[in-house]
Structure formats: C-alpha cells, structure tokens
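The primary structure of each chain is shown beneath.
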Amino acid sequence: MDEKKAKQQENKNRLIEEEKILTVMTTVNPGSSKEALLSALYPFGQMIEKSGVVAFPTETVYGLGASALDPKGIEKIFIAKGRPSDNPLIVHITKTEEVFDLVESVPEKGIQLMKAFWPGPLTMIFKKEKIIPDIVTAGGDTVAIRMPDHPVAKALIEISGVPLVAPSANASGKPSPTTARHVWDDLDGKIHGIIDGGSCLVGIESTVIDMTLKPPMLLRPGGITQKMIEKVIGPIQRDEQLDEIYRGNSSKKEPHFPGKVRSPGMKYTHYAPKAKVLILRGRREKVIEKVQEMEKNYRESGQKVGIITLDENLKDYEKAYGKIHGEAEDICNNPCIRSLGSVKEVEKMAANLFAILRDFDQTDVKIILAEAVEDREMGYAIMNRLSKAAGQNILYVDEEDRS
Ligand code: TXA
Ligand code: MG
C-alpha cells in the first residue's frame, strides 16, 4: 500500500472508530424451535446484510460475525476488536456442501474429519477459492472453515444467507467470551448486535488443523483432541510452537511481579486478564506449598493474590485460609480462590477457564497463581490457553516434572 492510500485508510478507520454504535442485545432460547429462532434472528440477519457486525453464541465461545463475502463488514470486525489485520478469520457454514464453493479442493482426510466431527469444534484449513476476499485470509491462499454445533449460530448463518466470518467476540488480547455479558463488557458501543443465547458449553475455541500439509498439522488445540483426530485419519503433526507454549519459558527462578517481569512470550500473550498470571507446575503437594508461600510474600507486600486450583485441592487451601466462598456467592476473600472444577471432569474445567480469568478483572487481585493441569484430553488445550494468559511464565517447583 502506498503512503497516500495508507493515510486514507487510517482516516477512514478513525472515522468509523469515533462513530459510537448503538449495540442492540436480544436474548434467545437456544432450545426454541428452528422457526422461532429464525424469526427472532431476522433483525440480526438484516444487520449483517447492511455490513453490520453481530456477536452470537457458538458451542465453543461467542463469535463476532459478518458476511464472509463482504469486506466492508469484515473491516468493522477488525476495528471493533482492535485485531491486527495479519490475523486471518474462520469462515462458518451450516451445511457441509457449502465448503466446496469456498475452497479449491478437500482432501480425503478432510472428508473423513468432516464426517466425524462436523458440526462441532473443529476448524480445518484448505486452499481457498477466489470467492473468499483477501481480508478474510490476511492475503494468504488458505482459508479456515468450521461448522459450529449451536442452534443459534446455525440459525444466524441460515437467516443471513451467507457464510459468516467470526473471530472470538472479545477485544483483542482479552480472554474469549463465554457469555453475552463478556461480549458486552468488551464491545458495547462498537458492534451492532449481541445475541444472548446463554453460556458456551465447550468454553475454549475450536481445534484448528491445517489440511493443506502432509500429514495435516495441528495449529491450535481445542475440544477435538489430537487423539480423537488420529483415531480417524492416522498420525498428524503438531506445530512445534505448541509444545514450546506448553513448556513455557521460565526456569526455576521466580519472576518478580508486577511490573518488572519482561515477558519474552509477548507475541503469545493472549487471553490475558488485568492481573499478571503465573503457572506453577510440579507435584501436587509441592505446588500447593509454593502457592501458599508466594501468596504470603505478596500479601505482606500489599498485593492481593488470586489462586486458580481444582476441587480436589480446595481442602488444602481451606486448612490455610478458612472457608472458601464459591463464585455464586460473589465474595472474593484474600486470597481470592477459584476452582476450575474436578480433575475428573476436564471438559468442565475447560468450560470454566475464561470466565474465571475474566472474573478476576472485577476484583483487586494483582497476581494470579494458577496450578498447572494434567496434559491429558482437553488438559493440553487448557494449558495452551493458560500459558498464553501467563505470557508463558511457568514456574517448575520440582525437577521431576520438567519434560
Ligand atoms: O471456536 C472458534 O474457533 C471461535 C468461534 C467463534 O467459532 N472462533 C475463533 O476465531 O476462535 P479466532 O479468530 O479468535 O481464532 C482463529 C484462529 C486464529 O489463531 C487464526 O490465526 C487461525 O485461527 N486461522 C484462521 N485462518 C487461518 C489460516 N488460513 N491459516 C492459519 N491459521 C488460521
Ligand atoms: Mg480469538
């Protein structure tokens, strides 16, 4: 882009930014009949037709939708989120056949994965067709496609009559929204509509796999695990960055929060609450002991700590701090302790993660100490998001775990 054009674009963005939009929010019951949903969502389909942007629930997280064929609407998504324009978007469809109009070809393994996991939390990357505007793919020649498994998402795509691009409906850098309230907190006055269809069941974003590579490559872990994919199409590869993120950067040295820590993983810092996050890994007893020791130090220096733990460990903290109030009671003690859930229900742990990170933003907690979770099933995806929220700051409390 030459300088004059870039300046023009900048001015245009500023104008759009300054225009405060009246955000319309409507609650719908995802259990309603399809006809009722289509009729309730009609006004939102109209907004999308007029290049507006509308937040809607999916089974993973809330998405911020615009027509995938309308660069004008898509531009507004980037502006509302403050998203860098080099980050491509996922195109959402409701019928499998639609994929063939949007991509050059679908390899056999892609068909097998569609049959196994669509609709559902799996996004596949293929070579794009010309019909997909460059703004969707950040100028690249591949496009990400997903078929969400949520009645409201499906009805919105259907009533809009076009595939919808939808990044997560958070301000860029924030944890993804799992309720309409989260969307409102980030984007009120910046988008045209919010459809409230309750909380998202999966709670973390879809698995992303690049089907243009041989073997296909896992780019983002999510609700559909590597094991589940390999059961269907055999061995896949994993983006090596994923294991780096999982291991983190930190050594045994404790970082000094807040302010002083230089986060070498800045480019990975997403999903970040206002407070600094540190993950502690190691044997259960050692982790709990270290959390309490660090909490004491921070408290003595006047900094309130948040702790993310698991149901199974709550009793250990109750011994030290007395009764712990649950989220529902809306009380945040010092330290403020939140449980992801029981280790026996890793899906529920995933579903709670972003809401808990966002809850800390409503408190005066300055540092969040999060216990690492096991890497099995969705645990790998949970650790991916937690590690990003922590800017990859992971403290290994004993040597054995360093793998
Ligand atoms: O669960 C989800 O996938 C949610 C819901 C709303 O569907 N959407 C979502 O979108 O998480 P977003 O934009 O927040 O994340 C999309 C991810 C980004 O990391 C992006 O870089 C990657 O997918 N992506 C999209 N298109 C790509 C492409 N052509 N090649 C490589 N990565 C791509
Ligand atoms: Mg996102």
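From a predicted model like this one, the values you see are computed outputs, not experimental measurements. The numbers attached to residues start from 1 for each chain and follow its sequence in the written order. Here chains are named by letter from A upward and ligands by number from 1 upward, in the order in which they appear as written. Since the coordinates come from a predicted model, pLDDT governs what is reported: local features require at least 70, and pairs of side-chain atoms require 80 or more to be given and counted, while whole-chain, interface and lining totals use all residues. The basis for every side-chain value is the complete set of heavy atoms in the structure, and neither hydrogens nor water enter the calculation.

### Describing the sheet that holds strand β7 (residues 164–165)
In step 1: Strand pairing is defined by DSSP finding a minimum of two bridges between the two strands. A run of DSSP states H or I qualifies as a helix once it reaches four residues; a run of E qualifies as a strand once it reaches two. Both are numbered from the N-terminal end. Pairing within the open sheet is mixed, and its 11 strands lie in the order β1-β8-β2-β3-β7-β4-β6-β5-β9-β10-β11. The sheet is open, and its two edges are formed by β1 (24–27) and β11 (237–238), each paired on a single side.
In step 2: Sheet strands in contact with helix α3 (residues 71–81) are β3 (63–67) and β7, and its direction is about 155 degrees off that of β3. Whether two residues are in contact is decided by their heavy atoms: any pair within 4.5 Å suffices. Angular values range over 0 to 180 degrees, each being the angle between N-to-C directions of two axes fitted as lines to C-alpha atoms, with helices fitted over their stretch in contact.

### A word on the layout of surface pockets
In step 1: One number sums up the size of the largest pocket: a volume of about 1,200 Å³.
In step 2: Of the two site types, the cavity is a set of points on a 1 Å grid over the protein atoms alone where a 1.4 Å probe fits but cannot get out, and the pocket is an open set with protein on both sides within 12 Å along at least five of seven lines, each lined by residues with an atom within 4 Å of a point. Surrounding the largest pocket, 46 residues form its lining, Arg83, Asn87, Pro88, Arg220 and Tyr271 being those nearest its centre.
In step 3: Those elements that place two or more of their residues in the lining of the largest pocket are β4 (90–92), β5 (122–127), α6 (134–137), β6 (142–146), β10 (217–220), α10 (240–247) and α14 (379–389).
In step 4: No other element matches β6, which puts 4 residues into the lining of the largest pocket. Grid points are joined across faces, edges and corners, and a volume is the space filled by probe spheres set on the points.

### Side note on helix α5 (residues 108–117)
In step 1: Accessibility here uses a 1.4 Å probe with only protein chains present; expressed as a share of the type maximum, an area under 20% marks a residue as buried, one over 50% as exposed, and anything in between as partly exposed. When we look at burial in α5, the residues that qualify are Gly110, Leu113, Met114 and Phe117. Mapping the buried residues of α5 onto a view down its axis gives an arc of 105 degrees, with all of them on the same face. α5 presents Glu108 and Lys115 as exposed residues on the side facing more than 90 degrees away from its buried surface. It is the directions from the helix axis to the C-beta atoms that the arc portrays.

### A few points about the sheet that holds strand β12 (residues 276–281)
In step 1: Strand order in the open sheet formed by 5 strands is β14-β13-β15-β12-β16, and the pairing between neighbours is parallel. Edge strands, defined here as strands with exactly one partner in the open sheet, are β14 (336–339) and β16 (394–396). Direction aside, the axes of adjacent strands within the sheet are offset by 20 degrees on average.
In step 2: As paired elements, β12 and β16 share 3 bridges and run parallel to each other. Note on β16: the bridge partner recorded for Arg281 is Tyr396.
In step 3: In the packing of α10 onto the sheet, contacts are made with β12 and β16, and the angle to β16 comes to roughly 65 degrees.
In step 4: Packed on one face of the sheet, α14 meets β12, β15 (367–371) and β16 and runs near 135 degrees to β12.

### Let's talk about the packing of α10 against α14
In step 1: The N-to-C vectors of α10 and α14 enclose an angle of 70 degrees; their axes lie 8 Å apart at closest approach. Of the possible angle classes, the one that applies to α10 and α14 is roughly perpendicular. Here Leu242, Asp243, Ile245 and Tyr246 of α10 lie close against α14, whose contacting residues are Tyr380, Met383, Asn384, Ser387 and Lys388.
In step 2: Polar here means any residue outside two lists: the nonpolar Ala, Val, Leu, Ile, Met, Phe, Trp, Tyr, Cys and Pro, and the charged Asp, Glu, Lys and Arg; Gly therefore counts as polar. Residue classes in the contact of α10 with α14 are distributed as 5 nonpolar, 2 polar and 2 charged. For classification purposes, an angle smaller than 35 degrees is called roughly parallel, one larger than 145 roughly antiparallel, one from 65 to 115 roughly perpendicular, and anything else oblique.

### Looking at the site of ligand 1
In step 1: Near ligand 1 lie 21 residues; those nearest to it are Thr60, Asn87, His92, Arg146 and Ser206.
In step 2: In the environment of ligand 1, an oxygen atom lies 2.7 Å from a nitrogen or oxygen atom belonging to the side chain of Thr60.
In step 3: With respect to ligand 1, the side chain of Thr142 contributes an N or O atom lying 3.1 Å from a nitrogen atom.
In step 4: Accessibility throughout is a Shrake-Rupley quantity obtained with a 1.4 Å probe, and a residue counts as covered only by protein chains that appear here. Protein contact buries 85% of the 680 Å² of open area that ligand 1 shows by itself.
In step 5: Listed by contribution, the elements that provide at least two residues to the shell around ligand 1 are β4, β6 and β10. Any residue with a non-hydrogen atom lying within 4 Å of a molecule or strand is treated as near it. In protein, a polar contact requires one atom able to donate a hydrogen and another able to accept it; more generally it is a pair of N or O atoms within 3.5 Å, and residues adjacent in sequence count only if both atoms are side-chain atoms.

### Considerations on helix α8 (residues 180–187)
In step 1: If you check which residues of α8 are buried, you get Ala180, His182, Val183, Asp186 and Leu187. Within α8, the buried residues cover an arc of 155 degrees as seen down the axis, which keeps them to one side.
In step 2: Where the residues of α8 are buried, they touch β1, β2 (54–56), β3, α3, β8 (193–196) and α13 (346–360).

### Here's the deal with the environment of Thr207
In step 1: Relative to the helices and strands, Thr207 is located in strand β9 (residues 207–210).
In step 2: As a C-alpha pair, Thr207 and Gly222 span 15 residues in sequence and 4.1 Å in three-dimensional space.
In step 3: When sequence neighbours within four positions are dropped, the list of residues in contact with Thr207 reads Pro121, Leu122, Thr123, Leu218, Arg220, Pro221, Gly222, Gly223, Ile224 and Ile229.
In step 4: Of the polar contacts made by the side chain of Thr207, one reaches the backbone nitrogen of Gly222; its length is 3.1 Å.

### Here's the deal with the environment of Ala320
In step 1: Residue position: Ala320 is located in helix α12 (residues 314–321).
In step 2: Of the residues examined, Ala320 reaches a relative accessible area of 41% and is grouped as partly exposed.
In step 3: Distance in space between the C-alpha atoms of Ala320 and Gln292 is 8.2 Å, their sequence separation being 28 residues.

### Points about the packing of aromatic side chains
In step 1: Aromatic pairs are defined between Phe, Tyr and Trp rings, using the six-membered ring for Trp, whenever the two ring centres lie within 6.5 Å; interplanar angles under 30 degrees are classed as stacked, those over 60 as edge-to-face, and all others as tilted. By the definition in use, this model includes 3 aromatic pairs.
In step 2: Measuring from centroid to centroid gives 5.4 Å for Tyr246 and Tyr380, while their planes differ by 40 degrees, and the two rings are tilted. Placement of the pair is Tyr246 in helix α10 and Tyr380 in helix α14, with a sequence separation of 134 residues.
In step 3: On the basis of relative accessible area, Tyr380 is assigned to the buried category, the value being 8%.
In step 4: Judged by centre distance (6.5 Å) and plane angle (5 degrees), the ring pair of Tyr317 and Tyr321 falls under stacked. With Tyr317 and Tyr321 both in helix α12 and 4 residues apart, the pair spans about one turn of that helix.
In step 5: Judged by relative accessible area, which is 23%, Tyr321 ranks as partly exposed.

### Let's talk about the pattern of salt bridges
In step 1: We count a salt bridge whenever a side-chain nitrogen from Lys or Arg sits within 4 Å of a carboxyl oxygen from Asp or Glu. Applying the stated criterion across every chain, the model contains 20 salt bridges.
In step 2: A salt bridge links Lys128 to Asp134; the shortest N-O distance between them is 3.9 Å.
In step 3: Judged by relative accessible area, Lys128 falls into the buried class, the value being 14%.
In step 4: In this structure, Asp149 and Lys154 form a salt bridge, with 3.8 Å as the shortest nitrogen-oxygen distance.
In step 5: When its relative accessible area of 31% is taken as the criterion, Lys154 is described as partly exposed.
In step 6: Taken together, the shared-partner salt bridges in this structure form one network comprising Arg284, Glu285 and Asp316.

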